[in-house]
Amino acid sequence: MVLHSKTVFANSSPLAIELNQLTKESARVVGQRWRVQSLLCRFLFPLIGLVGLTSYPVAPALAGGVAGKPGSPAAQADWCNRLSRRLPGISPVDCQNSALVQTGFVSRNGFPILMRDVSASGRREGKKTVPVRVLLLGGIHGDELTSSAIVFEWLKKMKTSPANNFEWKIVPVLNPDGLLAHKSTRVNSNGVDLNRNFPTPDWHKEAHNYWARVTAKDPRRFPGNAPLSEIETRWVDEAMQRFRPQVIISVHAPFGVLDFDGPAVPPRKFGRLVYNRLGVYPGSLGNYSGAHKNIPVITIELPNSQTMPSDLEVQRIWQDMLTWIVRNVAEQSPSSRNRKKSN
Ligand SMILES: [Zn+2]
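First things first, this report covers the structure right here in the doc. (Residues numbered from 1 in each chain as written. Predicted model: local features only at pLDDT ≥ 70, side-chain atom pairs only at ≥ 80, totals over all residues.)

## Section: the overall build of the protein
Then, in step 1: Secondary structure summary: the protein contains 12 helices and 9 strands in total.
Then, in step 2: The buried share among the 343 residues of the protein stands at 42%.
Then, in step 3: Taking contacts inside the protein between residues at least 6 apart in sequence as the whole, the part at least 24 apart equals 76%. (Helix = DSSP H or I, 4+ residues; strand = E, 2+ residues; numbered from the N terminus. Buried ≥ 20, exposed ≤ 12 C-beta atoms within 10 Å, placed from the backbone. Contact = placed C-beta atoms within 7 Å.)

## Quick notes on unusual backbone geometry
Then, in step 1: Cis geometry marks the peptide bond from Ser161 to Pro162, where omega comes out at 5 degrees.
Then, in step 2: Note that Pro162 resides in the loop between helix H6 (145–155) and strand E4 (167–171).
Then, in step 3: Note that the residue after Ala253, namely Pro254, is joined by a cis bond; omega there is 15 degrees.
Then, in step 4: Looking at where Pro254 falls in the secondary structure, it is placed in the loop between strand E5 (247–252) and strand E6 (257–261).
Then, in step 5: For Arg244, which is not a glycine, the phi torsion comes out positive at approximately 50 degrees.

## Quick look at the nonpolar core
Note on soluble globular proteins: their nonpolar side chains tend to be buried together.
Then, in step 1: Formed by 68 residues in total, the largest nonpolar core has its most connected members in Val134, Leu137, Ile249 and Ile300.
Then, in step 2: No other element matches the 7 residues that H6 contributes to this core.
Then, in step 3: With near-sequence residues (within four places) excluded, Ile249 lies in contact with Val134, Leu136, Leu137, Ile298, Ile300 and Met321. (Core = buried A, V, L, I, M, F, W, Y, C linked by C-beta atoms within 7 Å.)

## Things to note about the sheet that holds strand E2 (residues 112–118)
Then, in step 1: Pairing in this open sheet of 9 strands is mixed, and the strands run E1-E2-E4-E3-E5-E9-E6-E8-E7 from one edge to the other. Of all strands in the sheet, those with a lone pairing partner are strand E1 (101–106) and strand E7 (269–270), marking the two edges.
Then, in step 2: Across the face of the sheet, helix H9 (residues 231–242) comes into contact with E1, E2, strand E3 (133–137) and E4 while running at roughly 120 degrees to E1. (Pairing = 2+ DSSP bridges. Axes fitted to C-alpha atoms, helices over the stretch in contact; angles between N-to-C directions.)

## As for helix H8 (residues 203–213)
Three- or four-residue spacings in an α-helix give side chains the same orientation, since the helix completes a turn every 3.6 residues.
Then, in step 1: Those residues of H8 that sit buried are Trp203, Ala207 and Trp211. Looking straight down H8, one finds its buried side chains confined to an arc of 35 degrees; they lie on one side. Summarising the geometry of H8, the exposed residues directed more than 90 degrees from the buried face are Lys205, Ala212 and Arg213. (Arc of directions from axis to C-beta.)

## Digging into the pairing of E5
Then, in step 1: Burial runs high along E5: 6 of the 6 residues are buried.
Then, in step 2: Neither face of E5 is open: one carries Val247, Ile249 and Val251, the other Ile248, Ser250 and His252, and all of them are buried.
Then, in step 3: Looking at chain direction, E3 and E5 are connected through 4 bridges and run parallel. In the sheet register, Leu135 faces E5, and the bridge partner there is Ile248.
Then, in step 4: The sheet contact formed by E5 and strand E9 (residues 297–301) spans 5 bridges and is parallel. If you follow Ile248 over to E9, its bridge partner there is Val297.

Listed below in structure tokens is the structure:
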């Protein structure tokens, strides 16, 4: 196990190779254009809102608002129709059967961040411990469609052993605005890479320094103006505090590997995916949770962001992931649980 006490930049990772393909000039031009748009969104439009013309840069009714009363069957059907149009292999019925509920957190474009809590239903007679708590996140990057779709597939398997021995909090689409954009985007509708927006130490210095120096201010990797500036990352942080997960699974695509941060033995292989460090980035969830909060984070990088792995591979990744949790995350005593009710 390797714990990174300081930031390590991965220059030989697939990501770094991808970044190197960007010319600095094109990145600079795009960055400038993006900064102008960002300034308009942050300052000018809210100012207009203050004088009564509109309350927010993108009104929910125009961009991402949902039909029907929040939480009503009509709203549920509307969420699912819109999500399933983007997600490979997920029908509106699959989505509705997932029984997602609102977290109370709503994206900038007015789409609710939806979740499902699943309590342990396996036999627990005689056990003096409490079930392991797992936080499972898909779609933190909106253009990694399979990372959300596979979570919907796994939601169908929650009643089977050993998944039913754990307590789950599951968000299949953490970045709905990115997923539902006209063309799906990595960043949220505020132009922030959510996986660079977590409050790692020295974030103000490190995150912007990295963005400028290594990514040449790539707009797809903008960390935000402040840590936890985004509603989506605030939800995750709050869930970490209230639900107190013992392991976090975060699904991405398309690098086709497993990554791991934190205090446990890294997984070697889930299905065909093999452990291979991608690097530690300022503001990433793995860095924040794994290295600094001592909660292990498994990052699953599926091999393709648009096309799902085979059904067999989806099942194998799932089984191997559960086996790793059983072997590496211990159940706790009730007294150490001591957690508040979570939403
Ligand atoms: Zn990603």
